[in-house]
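Given next are the chains, with one letter for each unit.
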Amino acid sequence: MEDISKLIDKYRGSHGGLIPLLQEAQDQAGYLSRETLEQIAEGMKLSLAKVLGVTTFYSQFHLKPRGKNIIRICMGTACHVRGGASIMAKLEEELGIKTGETTKDLEFTLESVACIGACGLAPVMSINDDIHGKLTPEKIPEILAKYRRQEAV
Amino acid sequence: MKEILVCGGTGCISGDSRLVHDALEQELSRQGLEAEFKLKYTGCHGFCEQGPVILVTPKDNFYCKVAPQDVPNLIHQLKEGKVYDELLYVEPTTNERILTRHDVPFYKKQQRLVLKNCGIIDPENIDDYLSSCGYKSLQKVLKLQPEQVIQEIKTSGLRGRGGGGFPTGTKWDFARKSVADNKYIICNADEGDPGAFMDRSLSEGDPHAVLEGMLIAGYAIGAQEGYIYIRAEYPLAVKRLSIAIEQAKARGYLGKNLLGSKFDFSIKIKQGAGAFVCGEETALMESIQGNRGMPRPRPPYPAVKGLWDRPSNINNVETLANVPVIMEMGSERYAQIGTEKSKGTKIFALTGKVNNTGLAEVPMGITLREVVFDIGGGVSDGKKFKAVQIGGPSGGCLTEEHLDLPIDYDSLLEAGAMMGSGGLVVMDESTCMVELARFFLSFSRHESCGKCTPCREGNTRLLEILQRIVEGNGEMEDLDRLQSLGENIIQSSLCGLGQTAPNPILSTLKYFRQEYELHVKNKVCPAGVCKALLSYKVMEDKCKACGLCKKSCPTEAITGEKKQAHKIDVSKCAQCGVCMEKCPFDAIIRG
């Protein structure tokens, strides 16, 4: 909580500081809790409605805890025509969750995004900051295993 | 000295080009060859399909799909002054190995003006940019009057590369003529169109060119501050632009009294937070100000009242990267490239069912056929060309009859599509145009900010109708409803998102009406995509009872014993099509 007040001090009075403040606050905890938002509203002298309004407008912000590994499956045009939906189905099956959900052990969060901008490699997904391209449903279990292993190390 | 240029664009990085670079570095140092070969980690070369790619100067030998274990052999050949044949590009029709980059068909018809540094310079090193004429245009500009700079841009005929194609010089002129204590230059790097990635590649591969374009624009309109609004989903571009800003500051290309003039300019980066509508200029400004990214009604236009209510000029990355090129080559020479009303080049992101995916910069006026078949190498897997979707969710589709249409802003509009940001997605016979329209509309509806009713409610209704049709519940009147509601939304929406969202429907209705009718009247999806309209059947005379289909069916819908033709239970079938794929005897058909 102390870190949040430092962040608030950094952005207080700055033009347009709310969004970068929310971005940095989320970087710390992985999501924005009700308490954090209340603290930000008070510190920035904004109504909670305004802060919540901005938070829920942008898809980058999350109000619930998220997994250690964030999987973003691309649903852009190029991925769409090259079978992105079958990749999504395989991921949902392997992880036992639906898109937008987080596994119970907080290992993986599965999300869909409009376009990652790596259309040359369609269909693609990103896990954290890594891009995985030219996917087939068969490749999915192996890729997931790699991230599970990393956890164990 | 020879240079080894390893591609460090997002595409090649995902193919482990970093490891290739590191292996090269080690091998060169192990053999003591650092003085002979200069190794560089560059921006995107554009030919993502063949990544990781390497270019070796001075002969421009082009190596594809390079793996770290190829490095010792490659260095061995290079050291001897030879070419490493194994990794050269193979032309798929003739199986011939091609020696140099400019002879590779993907590059042959390109005219790389804006992308000239991408893949050649190290984007994290300002000296590399300077040695390729970097910041020379800025020096030239600072000796001119701002009005002269605007005139140059007007003469060049440059139009906005982000979507609408508004003349850039005119836009600058409006902002120049507005009187205020402060003005802003905004670089729109919120590239959200699914299927477009030229702005990402430019920002990653030649970030200083974007800064130089902003500086020149700032000088021309009389602004001292610039913002780059960039997607947070592009971490590498953010990093390289940030490095470039720091380097430019250190060398005096950003800051006060630039290069001894009276011109001050600074640039800040603002990261977007994931909202497609923020690509719209007024929504983008709201977002920079820390608000929900909702568009404002215009007028007042940004040139009069933009960011923080000050006159602002907003251009996208590719437009700004054109500016130093124009100042360097001269506006009249630039204006000789392209068509009568669309000058210069355009970068297209070529994706979908095409053999050579990647980024291609071509002169305006090139035909679609040249882009898809000569540069793109034709439709992949030997399938038949059906259409291209140009301009993303705001654009439309073009069909076989448009293949010889010279591509420029106006010809595309006439054909019911638009340049958009330049995404070109190729589709073959296995793409369902109704489902494609539904897909784009679900994107636009999801990204609608909700401020104006036509976009918020209208697109929701359009999506419901399309959903009905792909599920087999459509009626013929639905096609007229799509048409009239779509036209209505275009006319009455507040911003560009709503004004273009129905385009994919209207253009597919225009060119593929029969496909819609088949979905509605005959409950058939000719491309075999819409699951609710599919059924699978085993042709008894062809079935050899091998049991492969039975084994692979995820819903256990197939029954049959040895030596007995198998059957599909329609009530259990999930229409996934696995059985058809697996059958070695082509005994399963889709109806």
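Residues numbered from 1 in each chain as written. Chains lettered and ligands numbered in written order. Predicted model: local features only at pLDDT ≥ 70, side-chain atom pairs only at ≥ 80, totals over all residues. Heavy atoms only, no water.

S.K.: Just to check I follow, could you spell out the overall build of chain B for this structure?
M.R.: Within chain B, the secondary structure is distributed over 24 helices and 19 strands. Over its C-alpha trace chain B gives a radius of gyration of 26 Å, about what one expects of a compact globule, namely 25 Å for 591 residues. C-alpha atoms of chain B, sized along the principal axes, occupy 90 × 65 × 40 Å. Across the 591 residues of chain B, 60% fall into the buried class. Considering only contacts in chain B between residues 6 or more positions apart, those separated by 24 or more positions represent 70%. Roughly 23,300 Å² of accessible area belongs to chain B as shown, and the carbon and sulfur atoms make up 49% of that amount. Positive and negative charge centroids in chain B, built from 72 and 74 side chains respectively, lie 2 Å apart. (Helix = DSSP H or I, 4+ residues; strand = E, 2+ residues; numbered from the N terminus. Rg over C-alpha atoms; globule rule 2.2 N^0.38 Å. Buried < 20%, exposed > 50% of the residue type's maximum accessible area, 1.4 Å probe, protein only. Contact = heavy atoms within 4.5 Å. Areas by Shrake-Rupley, 256 points an atom, 1.4 Å probe, with all protein chains shown as cover. Lys, Arg positive; Asp, Glu negative; His and termini not counted. Charge placed at Lys NZ, Arg CZ, Asp CG, Glu CD.)

S.K.: I'm lost on the interface of chain A and chain B in this one. Help?
M.R.: Interface size is commonly expressed as the accessible surface area that is lost when the partners come together. Listed as interface residues are 33 residues of chain A and, on the opposing side, 46 residues of chain B. Remark: the boundary between chain A and chain B carries zero salt bridges. Applying the counting rule to chain A against chain B returns 14 residue pairs in polar contact (both at pLDDT 80 or more). Broken down by secondary-structure element, the contributors of at least two residues to the side of chain A that touches chain B are helix H2 (18–29), helix H4 (48–57) and helix H5 (77–81) of chain A. Its residues assigned to classes, the side of chain A that touches chain B shows 17 nonpolar, 12 polar and four charged. (Salt bridge = Lys/Arg side-chain N within 4 Å of Asp/Glu carboxyl O. Polar contact = N/O pair within 3.5 Å; in protein donor to acceptor, adjacent residues only side chain to side chain. Nonpolar A, V, L, I, M, F, W, Y, C, P; charged D, E, K, R; others polar.)

S.K.: What am I meant to see in the sheet that holds strand E2 (residues 37–42) of chain B here?
M.R.: By way of backbone hydrogen bonds, the strands of a sheet pair with one another, either parallel or antiparallel. Residues and elements named next belong to chain B. Across the sheet, which stays open at both edges, the four strands sit in the order E2-E1-E3-E4 with mixed pairing between neighbours. Two strands bound the open sheet, and with one partner strand each, they are E2 and strand E4 (61–63). Each adjacent strand pair in this sheet contributes to an overall mean axis angle of 20°, direction not counted. Bridging between strand E1 (residues 2–7) and E2 involves six bridges; their strand directions are parallel. Bridge pairing in E2 links Lys-2 to Phe-37. Strand contacts of helix H3 (residues 71–79): E1, E2, strand E3 (54–56) and E4, with the helix running at about 155° to E1, the strand carrying the most contacts. (Pairing = 2+ DSSP bridges. Axes fitted to C-alpha atoms, helices over the stretch in contact; angles between N-to-C directions.)

S.K.: Can you help me understand the nonpolar core in this one?
M.R.: The nonpolar side chains of a soluble globular protein tend to be buried, and buried together. All names here are of chain B. Counting 78 residues, the largest nonpolar core has Tyr-135, Trp-172, Ile-228 and Phe-265 as the members making the most contacts within it. The leading source of residues in this core is helix H10 (residues 207–221), at 10 residues. When near neighbours in sequence (up to four residues on either side) are disregarded, Ile-228 contacts Cys-187, Ala-189, Leu-211, Met-214, Leu-241, Ile-245, Ile-267, Lys-268, Ile-269 and Lys-270. Formed by 49 residues, the second largest nonpolar core is a distinct cluster that contains Leu-5, Phe-47, Cys-64 and Tyr-511. (Core = buried A, V, L, I, M, F, W, Y, C linked by side-chain atoms within 4.5 Å.)

S.K.: Sorry, what's going on with the packing of aromatic side chains here?
M.R.: Geometrically, a pair of aromatic rings is defined through the distance of the ring centres and the angle of the planes. Residue and element names in this part refer to chain B. Per the counting criterion, the structure on display carries 16 aromatic pairs over all chains. Each ring, one from Phe-47 and one from Phe-106, has its centre 4.2 Å from the other, and the planes form 10°; the classification is stacked. With Phe-47 in the loop between E2 and E3 and Phe-106 in helix H4 (residues 105–108), this residue pair connects regions lying 59 residues apart in the sequence. We note that Phe-47, like Phe-106, is buried. Plain terms: the ring middles of Tyr-129 and Tyr-135 are 5.2 Å apart, the flat faces sit at 85° to each other, and that makes the pair edge-to-face. What makes Tyr-129 buried here is its relative accessible area of 3%. Aromatic rings pair up to connect Phe-47, Phe-62, Tyr-89, Phe-106 and Tyr-107 into one cluster. Its end group placed over the ring of Tyr-107, Arg-101 keeps NZ or CZ at 4.6 Å from the ring centre. Residue placement shows Arg-200 over the ring face of Tyr-234; its charged tip is 5.9 Å from the ring centre. (Phe/Tyr/Trp six-rings, centres within 6.5 Å; stacked < 30°, edge-to-face > 60°. Lys NZ or Arg CZ within 6 Å of the ring centre and 35° of its normal.)

S.K.: Hey, could you run me through the side chain of Asp173(B) in this one?
M.R.: Residues and elements named next belong to chain B. Within the fold, Asp-173 resides in helix H8 (residues 168–177). Judged by relative accessible area, which is 14%, Asp-173 ranks as buried. Apart from residues lying up to four places away in sequence, Asp-173 is in contact with Ile-150 and Lys-154.

S.K.: Which parts of the structure should I look at to understand the domain arrangement of chain B?
M.R.: All names here are of chain B. As far as domains go, chain B holds domain 1 (2–102), domain 2 (126–334), domain 3 (345–428), domain 4 (433–522) and domain 5 (535–590). The straight-line distance from the C-alpha centre of domain 3 to that of domain 4 is 22 Å. Listed as interface residues are 17 residues of domain 3 and, on the opposing side, 15 residues of domain 4. Carbon and sulfur atoms supply 66% of the area buried between domain 3 and domain 4, which totals about 1,200 Å² over both sides. Looking only at domain 3, the three residues that lose the most surface to domain 4 are Lys-386, Pro-393 and Cys-397, adding up to 43% of its buried area. Linking domain 3 with domain 4 are one salt bridge, by the criterion used here. Between Lys-386 and Glu-515 there is a salt bridge; the shortest N-O distance is 2.9 Å. For the pair domain 3 and domain 4, the number of links is six residue pairs in polar contact (both at pLDDT 80 or more). Every element with two or more residues in the side of domain 3 that touches domain 4 is listed here: strand E13 (385–390) and strand E14 (396–399). Across the side of domain 3 that touches domain 4, the residue classes tally to six nonpolar, eight polar and three charged. (Domains from an automatic or database assignment. Buried area = accessible area lost by both parts, 1.4 Å probe.)

S.K.: Where do I start with the pairing of strand E1 (residues 69–74) of chain A in this structure?
M.R.: Looking down a regular strand, the side chains alternate between one sheet face and the other. Residues and elements named next belong to chain A. Burial runs high along E1: five of the six residues are buried. Relative to strand E2 (residues 108–113), E1 runs parallel, the two being bridged by six bridges. Bridged to Cys-74 within E2 is Val-113. Of the strand pairs in this sheet, E1 and strand E3 (residues 125–127) are connected by three bridges, and their pairing is antiparallel. From the neighbouring strand, Ile-73 faces E3, where its bridge partner is Met-125.

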